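The primary structure of each chain is shown beneath.
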Amino acid sequence: MDTAQFITKSFKDSIEKANFSWQTPSNIALVKYWGKSNPQIPKNASISFTLNNCHTITTIKFEKKEKTSSVDFELFFEGKEKEEFKPKIADFFTRIQDYCSYIFEYKMTINSENSFPHSSGIASSASGLSAIAMCLMSLEHALNPTLTKEFINKKASFLARLGSGSASRSIEGPLVVWGTHPNIEGSSDLFGIQFPYKVHSVFENYQDAILLVDKGEKQVSSTVGHNLMHDHPYAENRFQQANENMSKMVEILQNGDIKAFVNLVESEALTLHAMMLTSTPYFVLMKPNTLEIINRIWEYRKEHDSNLCFTLDAGANVHVLYPELEKESVNQFIENQLSKYCQKNHYICDSVGYGAAQL
Ligand code: DP6
């Protein structure tokens, strides 16, 4: 695989001090990534909607220093120094050091905040790591002004992937594919790409309401979760099915067959959970209210001939997806009938977004 293109050579320009700020989004997978091999290579291709309102804002202050053999950084989250978040970021820097050797020549002060509450059960690793990746790429661009926007996004996604697989899908929007797939031109295991075909108008400005059923710490970390796929009896079939579902999704997104979309997206979510129900050890990650919500969604869809559907990540929260055309009616349904299943009636209304933005 062509990773050599991402290794930095020495730079002509020198930067003593710089500050870069980026806002990068969270994303929600339609066909799920679940299972990987080293180094962060997905077992199947996945595709996600980039979100708009759920994002991280990160500023990194870079100050030139003597080159050292370890990475020197401080980390502040919502204004407070966060020692407990440091090991994950230190690990990220170790994974990317061969591609960004300049990080040894700067003291980095990282300031980060999320638009969503930290303890909301919304994973912040995708937006958090993509934001750091974009700040690093801004420094790299300053050091080497010949870099193109296309390369910057590609390498940012490549770096973010090394931190967290789904973070590779948090640079661009509105639909991003990660993982090599024969029917998707330009797709790669190394970085995410924008869905390269024309998307039907029914999927424009798609809505995602995130129902916060369980705001606690994740019961299964993604590292543990992905590892469960290693000796899983159904793993190979699952990876094959996911790639077949990607082929179907490629067609659906172009032809606008929204009924097929609903079926595929819900099936993907339930299959992800089925993998965890049938792994060793096994996990039930839904809560009773997750099932209540799913049943209410099915009833509503039948009664109103609606096209809303749900998807799930590796937890109890429910993402309700629906076309913009149904925004008013579905928002009312959520407020009146679903919010009572959320912790403290808390849910977040979001919609599809267009990716990272420099501030
Ligand atoms: C269920 O990207 O969090 O959300 O690569 O170990 O950081 P790591 O995993 P992560 O896994 C996300 C899995 C998922 C499905 C998806 O987003 O595709």
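Residues numbered from 1 in each chain as written. Predicted model: local features only at pLDDT ≥ 70, side-chain atom pairs only at ≥ 80, totals over all residues. Heavy atoms only, no water.

Okay, the domain arrangement of the protein next. As a measure of interface size, the accessible area lost when the parts come together is often cited. Segmenting the protein into domains produces domain 1 (4–197) and domain 2 (205–351). Measuring from the centre of the C-alpha atoms in domain 1 to the corresponding centre in domain 2 gives 25 Å. Opposite the 34 residues of domain 1 that make contact, domain 2 presents 42 residues. Broken down residue by residue, the surface that domain 1 buries against domain 2 is led by Leu30, Lys32 and Trp34, which jointly contribute 26%. If you look at where domain 1 meets domain 2, you find one salt bridge. Where Asp313 meets Lys32, a salt bridge forms, and the shortest distance between an N and an O atom there is 3.4 Å. On the surface where domain 1 and domain 2 come into contact, there are 15 residue pairs in polar contact (both at pLDDT 80 or more). Secondary-structure elements contributing two or more residues to the side of domain 1 that touches domain 2 are β1 (17–31), β4 (46–64) and β8 (175–178). With eight residues, β4 is the largest single contributor of residues to the side of domain 1 that touches domain 2. For the side of domain 1 that touches domain 2, the class distribution of residues is 20 nonpolar, eleven polar and three charged. (Domains from an automatic or database assignment. Contact = heavy atoms within 4.5 Å. Buried area = accessible area lost by both parts, 1.4 Å probe. Salt bridge = Lys/Arg side-chain N within 4 Å of Asp/Glu carboxyl O. Polar contact = N/O pair within 3.5 Å; in protein donor to acceptor, adjacent residues only side chain to side chain. Helix = DSSP H or I, 4+ residues; strand = E, 2+ residues; numbered from the N terminus. Nonpolar A, V, L, I, M, F, W, Y, C, P; charged D, E, K, R; others polar.)

Roughly 250 Å³ of volume is contained in the second largest pocket. Looking at the second largest pocket, it is lined by 15 residues, and the ones nearest its centre are Trp22, Met134, Lys149, Ile152 and Asn153. Among the elements of the structure, α2 (125–143) and α3 (149–163) are those that each provide at least two residues to the lining of the second largest pocket. In terms of residue count, the dominant contributor to the lining of the second largest pocket is α2 (four residues). (1 Å grid on protein atoms, 1.4 Å probe; cavity = no way out; pocket = protein on both sides within 12 Å on 5 of 7 lines; lining within 4 Å. Points joined across faces, edges and corners; volume = space filled by probe spheres on them.)

The subject of this paragraph is the sheet that holds strand β10 (residues 207–211). Spatial ordering of the open sheet is given by β11-β12-β10-β13, a layout of four strands whose pairing is antiparallel. Looking at which strands have only one partner, the edges of the open sheet turn out to be β11 (309–312) and β13 (347–351). On average, each strand axis in the sheet is inclined to that of its neighbour by 25°, with strand direction left out of account. Its contacts with the sheet put helix α7 (residues 288–304) on β10, β11 and β12 (318–322), and the angle it makes with β11 is roughly 155°. Against the sheet, helix α8 (residues 327–338) makes contact with β10, β12 and β13, and its axis sits at roughly 155° relative to β12, the strand it touches most. (Pairing = 2+ DSSP bridges. Axes fitted to C-alpha atoms, helices over the stretch in contact; angles between N-to-C directions.)

Turning our eyes to something else, we now look at the pairing of β4. Consecutive side chains of a regular strand alternate in pointing toward one face of the sheet and then the other. Bridging between β1 and β4 involves 13 bridges; their strand directions are antiparallel. Its bridge partner lying in β4, Thr24 is registered against Thr56. As judged from the four bridges shared by β4 and β8, these two strands associate in the antiparallel manner. Across the sheet, the residue bridging to Ser46 is Trp178, located in β8. When β4 meets strand β7 (residues 106–114), the two strands line up antiparallel, connected through nine bridges.

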